[in-house]
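Fold and geometry: a report
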Amino acid sequence: MLVFAPDTGTEPVLYTVEPEDLPAPDPIWRAASDVSIGVSWDVQGIDLDLYVRPMPTSDVIYYNHAQTSEGRLFKDFTNSPDGFETVALNGVVDLSQLQLAVNFYGGRNPGGVAGELRFAIGSQVWARPFHISSVTGNQGQGAEQALVAREVPNAAWVLINPLEVLGAQ
């Protein structure tokens with residue numbers, strides 16, 4: 001499914017701003033607004049999926065549930081994006097409650113898949129590289145264990161702590 005954000009004529013900050021070197025200040029992540037989260041990778045023929053749960057009781061935002069009252073997935077790249085698969089969150093968010101996971105959904109690569117997760121809060125951006133060790137995608141198997149139990153169910157998943165990305169932990 002392809003879902004596009006309205007064209008404002010400019011690229012989102014998430015793509016254009018160099019990531020911060022310093023940690024996010026405590027107040028910014030406890031009550032963040034104008035939050036976007038993106039994941040990118042550069043291996044041809046690979047499909048990674050971003051899963052975002054704004055709060056432990058929230059619905060998960062991902063390719064098969066792209067819009068909730070708390071946010072929206074704007075693009076489900078299925079083959080090596082040139083940009084970021086992006087989720088924009090609505091309203092004020094406590095990022096310490098946010099749950100993030102990336103799944104190696106489809107394709108095959110002998111060395112696994114490396115990528116980058118980015119957070120934009122307003123005009124500031126933070127980034128963190130990640131690596132998924134699985135050599136093949138698993139079509140999202142284990143999503144519930146990853147997002148409800150907060151356990152890595154298999155080598156095709158990586159859980160990402162938002163506060164680590166922000167340098168707050």
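Residues numbered from 1 in each chain as written. Predicted model: local features only at pLDDT ≥ 70, side-chain atom pairs only at ≥ 80, totals over all residues. Heavy atoms only, no water.

1. Quick look at the overall build of the protein chain
Across its full length, the protein chain holds 4 helices and 9 strands. Going from the N terminus to the C terminus, the protein chain shows its helices and strands as α-α-β-β-β-β-β-β-β-β-α-β-α. Relative to its full complement of 169 residues, the protein chain shows a buried share of 47%. Carbon and sulfur atoms make up 49% of the accessible area of the protein chain, which amounts to about 8100 Å² in all. (Helix = DSSP H or I, 4+ residues; strand = E, 2+ residues; numbered from the N terminus. Buried < 20%, exposed > 50% of the residue type's maximum accessible area, 1.4 Å probe, protein only. Areas by Shrake-Rupley, 256 points an atom, 1.4 Å probe, with all protein chains shown as cover.)

2. With respect to the sheet that holds strand β4 (residues 71-73)
Spatially, the 6 strands line up as an open sheet ordered β3-β4-β5-β1-β7-β8, and their pairing is antiparallel. The two strands at the open ends of the sheet, each matched to only one other strand, are β3 (67-68) and β8 (124-132). (Pairing = 2+ DSSP bridges.)

3. Here's the deal with the side chain of S58
Along the polypeptide, S58 turns up in the loop between β2 (47-53) and β3. Once you skip the residues sitting within four places of it in the chain, S58 turns out to touch R53 and E70. (Contact = heavy atoms within 4.5 Å.)

4. Description of the pattern of salt bridges
Enumeration according to the criterion identifies 1 salt bridge in this entry. A salt bridge links E116 to R118; its shortest N-O distance comes to 2.9 Å. With relative accessibility at 24%, the residue E116 sits in the partly exposed group. (Salt bridge = Lys/Arg side-chain N within 4 Å of Asp/Glu carboxyl O.)

5. Let's talk about the nonpolar core
Counting residues in each nonpolar core, the largest one holds 38 residues, and the members touching the most others are I37, L95 and F119. Not counting chain neighbours up to four residues away, the residues in contact with L95 comprise W29, A32, V35, F119, I121, P162, L163 and L166. Counting residues in hydrophobic clusters, the runner-up holds 6 residues, among them Y51, A101, L147 and W157. (Core = buried A, V, L, I, M, F, W, Y, C linked by side-chain atoms within 4.5 Å.)

6. Describing unusual backbone geometry
Despite not being glycine, D34 shows a phi value in the positive range, around 60°. Within the secondary structure layout, D34 lies in the loop between α2 (26-30) and β1 (35-41).

7. Observations regarding the sheet that holds strand β6 (residues 99-106)
Here 3 strands make up an open sheet; going across it, the order is β2-β6-β9 and the pairing antiparallel. The outermost strands of the open sheet, each flanked by one partner alone, are β2 and β9 (157-160). Mean inter-strand twist for the sheet, computed between neighbouring axes without regard to direction, equals 20°. In the sheet, β2 pairs with β6 via 7 bridges, with the strands oriented antiparallel. Along β6, the bridge assignment pairs V52 with L100. (Axes fitted to C-alpha atoms, helices over the stretch in contact; angles between N-to-C directions.)

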